[in-house]
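Report on the structure
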Amino acid sequence: MKVLNIGSMNLDYVYHVDHIVQPGETEAADSLNVFLGGKGMNQSVALAKAGADVFHAGLIGEDGRIFPETCREYGVDASFIREVDIKTGHAIIQIDRGAQNCILLYGGANQALTESYVDEVLSAFESGDMLLLQNEVNLLPYIVDRAWEKGMQIALNPSPFNDKLREVDLSRVSVFLLNEVEGNQVTGFTDPEEILKEMLQMFPKAKIVLTLGKDGAVYAEGEVRCFQPIFPVQAVDTTAAGDTFTGYFLAGITEGMPVAEALRMSAKASSIAVSRAGAVPSIPWREEVMAALAEN
Ligand code: RIB
């Protein structure tokens, strides 16, 4: 099965700070690093490093040529990435001494997708292929409708959640991968089991993966539940931990791995990502993940 990810590519400006800056406050950063990121890019790299056949589509400006180069380096097909006359998306990320982060996004080229571009990309995929989406590009309602008409399976990471997602026909999504905050935004509930129950009420045919931070992750499908605790590590930078989990989980299930095994592999991959700086550079290769799992 081919996986198409129509997703964001961001230059991540990562500032280490004592504490996340407060309204009205000015604070000097301890350091600045620039990493490749964007939820779309991170998830494509995680899929490829986990062994999936992944195609990344999306837009960059001329300042983003490193994205297709890096995709190719990691085995992500970059032939659908196009350059436009708009700045590449970027993110300003503050990381405090406890490794907590906050992210300010500038969409840039990520928000310039056109219907004709989407049609061109989708024409290379067919029924049974998987489409992966996050909420950092425009035209999600259009993309979901066209992909669904083609019979593609749609996986959605509704992150960052905002009102634009309410325009998407979410009943067309077959796999949701989301965290507790997004689960609350979709359902109105805060308790994980209530979030899952409500999501399955709203989308009875969907598979749901709800990540719970330090409390692990739960998979739900009908009456089935599968829980995976985290592998505790000293956190350095939690950016892209969720993206690593998403990419690894989808890679696992698209190759037919049992859900419990896919969750375990994803949790381990995510724990390794958390122990390293940056988004894309923190995502481990599958060999490393499997070797680490073998030690547990
Ligand atoms: O999920 C992490 C990502 O969110 C970062 O890489 C940043 O670019 C934002 O999109």
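Predicted, not measured: the structure shown is a model, and the values here were computed from it.

The next point concerns the overall build of the chain. A tally of regular secondary structure across the chain gives nine helices and 14 strands. Taken against the 2.2 N^0.38 rule, which gives 19 Å for 296 residues, the C-alpha radius of gyration of the chain at 18 Å falls within 12% of a compact globule. Taking the principal axes of its C-alpha atoms as reference, the chain extends roughly 50 × 45 × 40 Å. Burial statistics for the chain: of 296 residues in total, 52% are counted as buried. A separation threshold of at least 6 residues defines the contact pool for the chain, and within that pool the share at least 24 residues apart is 64%.

All right, on to the nonpolar core then. Residues M41, L47, F249 and L250 are the most contacted members of the largest nonpolar core, which totals 46 residues. Ranked by the residues each element gives to this core, the list is headed by helix α8 (residues 259–274), at six residues. The contact partners of M41, leaving out residues within four places of it in the chain, are S8, M9, L36, H56, F67, T70, C71 and V280. Among the nonpolar cores identified, the runner-up in size contains 43 residues, and A57, I195, L200 and A206 belong to it.

What follows concerns the packing of aromatic side chains. Taken as a whole, this structure holds six aromatic pairs when the rule is applied. With a centroid separation of 6.4 Å and an interplanar angle of 50°, the aromatic rings of F55 and F80 are classed as tilted. In this pair, F55 is assigned in strand β4 (residues 53–57) and F80 in the loop between α2 (66–74) and β6 (82–83), connecting sequence segments 25 residues apart. The pair formed by F55 and F80 is uniform in burial state, with each residue classed as buried. Site record: aromatic cluster; members linked through ring pairs are F55, F80 and F125. Lying over the aromatic face of F55, K2 brings its terminal NZ or CZ to 5.6 Å of the ring centre. Here R172 stacks its cationic end above the ring of W148, 3.7 Å away from the centre of that ring.

Below, the discussion takes up the site of the ligand. Of all residues adjacent to the ligand, which total 14 residues, the nearest are D12, G38, K39, E136 and D243. One nitrogen or oxygen atom from the side chain of K39 is found 2.8 Å from an oxygen atom belonging to the ligand. D243 is positioned with one of its side-chain polar atoms (N or O) 2.7 Å from an oxygen atom of the ligand. In isolation the ligand exposes 280 Å². Once the protein is present, 96% of that is buried.

So, about the sheet that holds strand β14 (residues 224–228). Pairing is mixed across the open sheet formed by eight strands, whose spatial order is β4-β1-β9-β10-β11-β12-β13-β14. Of all strands in the sheet, those with a lone pairing partner are β4 and β14, marking the two edges. Looking at each pair of strands side by side, their axes are set apart by 15° on average, direction ignored. Pairing analysis gives five bridges linking strand β11 (residues 175–179) to strand β12 (residues 207–211), with the strands arranged parallel. In the sheet register, F176 faces β12, and the bridge partner there is I208. Packed on one face of the sheet, helix α6 (residues 192–202) meets β11, β12, β13 (217–221) and β14 and runs near 155° to β12.

Bringing the environment of V218 into the picture now. Examined against the element boundaries, V218 turns out to sit in strand β13. Looking at V218, the relative accessible area reads 12%, which means it is buried. Residues within four places of V218 in sequence aside, it is in contact with L196, I208, V209, L210, L212, R225, C226 and F227.

This brings us to the sheet that holds strand β8 (residues 101–106). The strand order across the open sheet built from four strands is β3-β2-β7-β8, with neighbouring strands paired in mixed fashion. The sheet terminates laterally at β3 (31–37) and β8, the two strands that pair on one side only. Neighbour to neighbour, the strand axes of the sheet diverge by 20° on average, direction disregarded. Strand direction decides the pairing type here: strand β7 (residues 89–95) and β8, joined by six bridges, are antiparallel. Residue Q94 lies in a different strand from β8, and its bridge partner there is C102.

The rules behind each value
Residues numbered from 1 in each chain as written. Predicted model: local features only at pLDDT ≥ 70, side-chain atom pairs only at ≥ 80, totals over all residues. Heavy atoms only, no water. Helix = DSSP H or I, 4+ residues; strand = E, 2+ residues; numbered from the N terminus. Rg over C-alpha atoms; globule rule 2.2 N^0.38 Å. Buried < 20%, exposed > 50% of the residue type's maximum accessible area, 1.4 Å probe, protein only. Contact = heavy atoms within 4.5 Å. Core = buried A, V, L, I, M, F, W, Y, C linked by side-chain atoms within 4.5 Å. Phe/Tyr/Trp six-rings, centres within 6.5 Å; stacked < 30°, edge-to-face > 60°. Lys NZ or Arg CZ within 6 Å of the ring centre and 35° of its normal. Near = heavy atom within 4 Å. Polar contact = N/O pair within 3.5 Å; in protein donor to acceptor, adjacent residues only side chain to side chain. Areas by Shrake-Rupley, 256 points an atom, 1.4 Å probe, with all protein chains shown as cover. Pairing = 2+ DSSP bridges. Axes fitted to C-alpha atoms, helices over the stretch in contact; angles between N-to-C directions.

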